[in-house]
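Structural description and commentary
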Amino acid sequence: MSIQIDGNTTVRELVGRYPQTRKTFEKYGIDYCCGGGRCLAEVAQERRAALPDLVRDIEAALVETSTRTATAEKDWYAAPLHELSDHILQVHHAYMHEALPRIKELVRKVLNAHGAHHGAMLRQVSDLYNALDTELTNHLRKEEEVLFPYIVAAEAHRQGGPKEPPACFGSVGNPIRQMEAEHESAGEVLVQIRKVTSGYSLPDDACPTFRALYEELERMEEDLHQHIHLENNILFPRAIAAEPD
Ligand SMILES: [Fe+2]
Ligand SMILES: [Fe+2]
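Treat the numbers as computed from the prediction; the structure is a model and nothing was measured.

Let's talk about the coordination of the iron ion (ligand 2)
Here the iron ion (ligand 2) is held by His-139 (NE2), Glu-143 (OE), His-183 (NE2) and Glu-231 (OE), and the distances to it run 2.0 to 2.2 Å. What the four donor atoms of the iron ion (ligand 2) show is an angle range of 86 to 174° at the metal, which sorts the shape as irregular. Positions of the donor residues of the iron ion (ligand 2) along the chain correspond to the pattern H-x3-E-x39-H-x47-E. Distance-wise, the iron ion (ligand 1) is placed 3.1 Å from the iron ion (ligand 2), both being coordinated by Glu-143. Here Glu-231 lies in helix H7 (residues 208-242) and Glu-143 lies in helix H5 (residues 81-158), a separation of 88 residues in the sequence. Residue classification places Glu-231 among the buried positions, given a relative accessible area of 0%.

Considerations on H7
A rise of 1.5 Å per residue sets the reference length of H7, with its 35 residues, at 51 Å; its end C-alpha atoms lie 49 Å apart and thus fit the reference within 8%. Taken as a whole, H7 carries its principal kink of about 35° at Glu-231.

A short note on the environment of Glu-218
Relative to the elements of secondary structure, Glu-218 occurs in helix H7. For Glu-218, a relative accessible area of 34% puts it in the partly exposed group. Spatially, the C-alpha atoms of Glu-218 and Tyr-200 are 7.9 Å apart, while their sequence positions differ by 18 residues. Those residues in contact with Glu-218, other than ones at most four positions away along the chain, are Arg-194 and Tyr-200.

Rules used in this analysis
- Residues numbered from 1 in each chain as written.
- Chains lettered and ligands numbered in written order.
- Predicted model: local features only at pLDDT ≥ 70, side-chain atom pairs only at ≥ 80, totals over all residues.
- Heavy atoms only, no water.
- Donors = N, O, S within 2.8 Å, 3.2 Å for Na, K, Ca; no water.
- Tetrahedral: all angles 85-135°; square planar, octahedral: opposite > 155°, others 65-115°.
- Helix = DSSP H or I, 4+ residues; strand = E, 2+ residues; numbered from the N terminus.
- Buried < 20%, exposed > 50% of the residue type's maximum accessible area, 1.4 Å probe, protein only.
- Expected span 1.5 Å × (residues − 1).
- Bend = angle between axes of the 7 residues up to and from the residue.
- Contact = heavy atoms within 4.5 Å.

Structure (structure tokens):
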């Protein structure tokens, strides 16, 4: 561990350099993707957590991982942007394309089976989830068809490759701002789903499908956090910084 951690350390600095701290932030319910620029003192106060406890848990996560050898994740601050883009597409976009329709079907099944006793709550989950599905499907397409190919082509051009790609959107910061706003909105829908389900607490009469639905929604939330972190905190700032004035 080579970093001094205190109330002024930002969430982004920690989670960017030390991905193993994500679990600690998840544990405290701290947003490390959209709200990653905030300092520990601020997020601890917001979550009504004691700052020394939070710092201690983060330090423990760092020490624990530094004693293991095979857990090092790639340094995405240093890797070429095309590698980071490929990683996001192959891991996180592929997961979303597979999980979005599958979870939609689970929501439908659970609403059908448990509508009589939990209809009001499950209809809210269904409405929120369907909105998220539409929003994320459009969002992924924009990144896959426009933004990521542009970032990769611009990097290839800077390294002496083919001519500069045409940018119909002006500066790359413009579509990035739009993507960040969409991340915020998707994250907010997942917060709402968590609220409506009382933090994914299963009712006593829940069947295995009900349980599977909650587990899958929680997994989607976790994956989306990591996905947005890689884009908001690393890929997008690096793409903006690399753009010539
Ligand atoms: Fe993405
Ligand atoms: Fe995104």
